[in-house]
Amino acid sequence: MTTQRVVLITGASSGIGKVCAEHLRQRGFRVYGTSRRAAWPSAPEASSLPMLPLDVRDDASVAQAVRFILEHEGRLDALVNNAGVSIGGAVEDVPLSLAHEVLETNFFGTLRVCRAVLPQMRAQGYGHIVNISSVAGLMGVPFHGLYSAGKFAVEGLTESLRMEVKPLGIQVSLIEPGDFHTAITAHKRMVLPDGSAYATAARRVVEEMARSVAQAPPPVPVAQQLERILNSPAPRLRYVVGSPLERLAVQLKRWLPSALFERLLMNNYGL
């Protein structure tokens, strides 16, 4: 059994997950990343960052990855639920089949991995779970309603789970990133059917978001915040990580009348 803290990070092949995995490994954690396209390592070396094949939509895949870690390490100190997909499009335009697919990854995937690691953490009497949400999980973003819905659901799930497992020695927190420079825009699935009544407005919002992501810094602050959470004996529930404007928007959502905040948000996206 290694004396390093053992961390599982889902969706670690790129973006926030990859930066978090590399940062924690450099800081002395024993990190296992996951990707749907990874191949099973035969015997992970202590100095490596092993990538496990894991599909958060599949019970057996999740169970196999968790079992692999426990067989090689004997314990699991922390889980970081990062795997997710991005989708754009009007609520009216996104097919229900695609809506189910998005929520299966972004919400049920998070739930599935949490449930898979909790028996081990309960047996240990300790553990950390950090769910990567989004500023879009605190406020609805136009033409990203299905993405926001999944992140809103993760927020509620995390609040409940935190209270349920705290007496068992398990800590649960949320990181809510704003815009960071990753490939998420390039990988985004955009639903814009011919003749859509929302075409002009949707393109305007998506283009504005793409510009914001392109100008944003890499997600190193998310990785640094994650390290602080894992090193804290009593982490908070929520950590917003983003630009000063994004952090201000979160505060304004709490304090402004809803109609005024809605108007400010719509103006921001040119609606």
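A few points on the structure. (Residues numbered from 1 in each chain as written. Predicted model: local features only at pLDDT ≥ 70, side-chain atom pairs only at ≥ 80, totals over all residues. Heavy atoms only, no water.)

**Considering the sheet that holds strand β6 (residues 127-132)**
Okay, step 1: Overall, parallel pairing links the seven strands, which are arranged β3-β2-β1-β4-β6-β7-β9 in an open sheet. Two strands lie at the open edges of the sheet, namely β3 (51-53) and β9 (238-241), each paired on one side alone. Recorded for the sheet is a direction-independent mean angle of 20 degrees between the axes of neighbouring strands.
Okay, step 2: Here strand β1 (residues 6-9) runs beside strand β4 (residues 78-81); their pairing, made up of three bridges, is parallel. Bridge pairing in β4 links Val7 to Ala78. (Pairing = 2+ DSSP bridges. Helix = DSSP H or I, 4+ residues; strand = E, 2+ residues; numbered from the N terminus. Axes fitted to C-alpha atoms, helices over the stretch in contact; angles between N-to-C directions.)

**A short note on the side chain of Gln225**
Okay, step 1: With respect to the helices and strands, Gln225 occurs in helix α7 (residues 220-231).
Okay, step 2: Other than its neighbours up to four places away in sequence, Gln225 contacts Tyr239 and Val241. (Contact = heavy atoms within 4.5 Å.)

**A look at the layout of surface pockets**
Okay, step 1: Volume-wise, the second largest pocket comes out at about 160 Å³.
Okay, step 2: Along the walls of the second largest pocket sit Met139, Gly140, Val141, Pro142, Phe261, Glu262, Leu265, Met266 and Leu271, which together make up its complete lining.
Okay, step 3: When the residues that make up the lining of the second largest pocket are grouped by side-chain class, the tally is seven nonpolar, one polar and one charged. (1 Å grid on protein atoms, 1.4 Å probe; cavity = no way out; pocket = protein on both sides within 12 Å on 5 of 7 lines; lining within 4 Å. Points joined across faces, edges and corners; volume = space filled by probe spheres on them. Nonpolar A, V, L, I, M, F, W, Y, C, P; charged D, E, K, R; others polar.)

**Focus on helix α4 (residues 145-165)**
Okay, step 1: In this model α4 runs 30 Å from its N-terminal to its C-terminal C-alpha over 21 residues, within 8% of the 30 Å that 1.5 Å per residue would give.
Okay, step 2: Restricting attention to buried positions, one finds in α4 the residues Leu146, Tyr147, Ser148, Gly150, Lys151, Val154, Glu155, Thr158, Leu161, Arg162 and Val165.
Okay, step 3: Looking at the buried residues of α4, the elements they touch are β5 (87-88), α3 (96-124), β6, β7 (170-177) and β9. (Expected span 1.5 Å × (residues − 1). Buried < 20%, exposed > 50% of the residue type's maximum accessible area, 1.4 Å probe, protein only.)

**Here's the deal with the side chain of Glu176**
Okay, step 1: Here Glu176 shows up in strand β7.
Okay, step 2: Polar contacts involving the side chain of Glu176 include one to the side chain of Arg238, which spans 3.1 Å.
Okay, step 3: Look past the residues within four positions of Glu176 in its chain and what remains in contact with it is Ser133, Ser134, Val135, Leu138, Glu155, Arg238, Tyr239, Val240 and Val241. (Polar contact = N/O pair within 3.5 Å; in protein donor to acceptor, adjacent residues only side chain to side chain.)

**Digging into the nonpolar core**
Okay, step 1: Among the nonpolar cores identified, the biggest contains 24 residues, and Leu8, Leu79, Val117 and Ile129 are the most heavily contacted of them.
Okay, step 2: Broken down by secondary-structure element, the contributors of at least two residues to this core are β1, α2 (59-73), α3, α4 and β7.
Okay, step 3: When residues no more than four places from it in sequence are discounted, the contact partners of Val117 are Val66, Leu76, Leu79 and Ile129.
Okay, step 4: Core analysis: the next-biggest nonpolar cluster, separate from the first, contains 23 residues, Ile87, Val94, Met139 and Ala202 among them. (Core = buried A, V, L, I, M, F, W, Y, C linked by side-chain atoms within 4.5 Å.)

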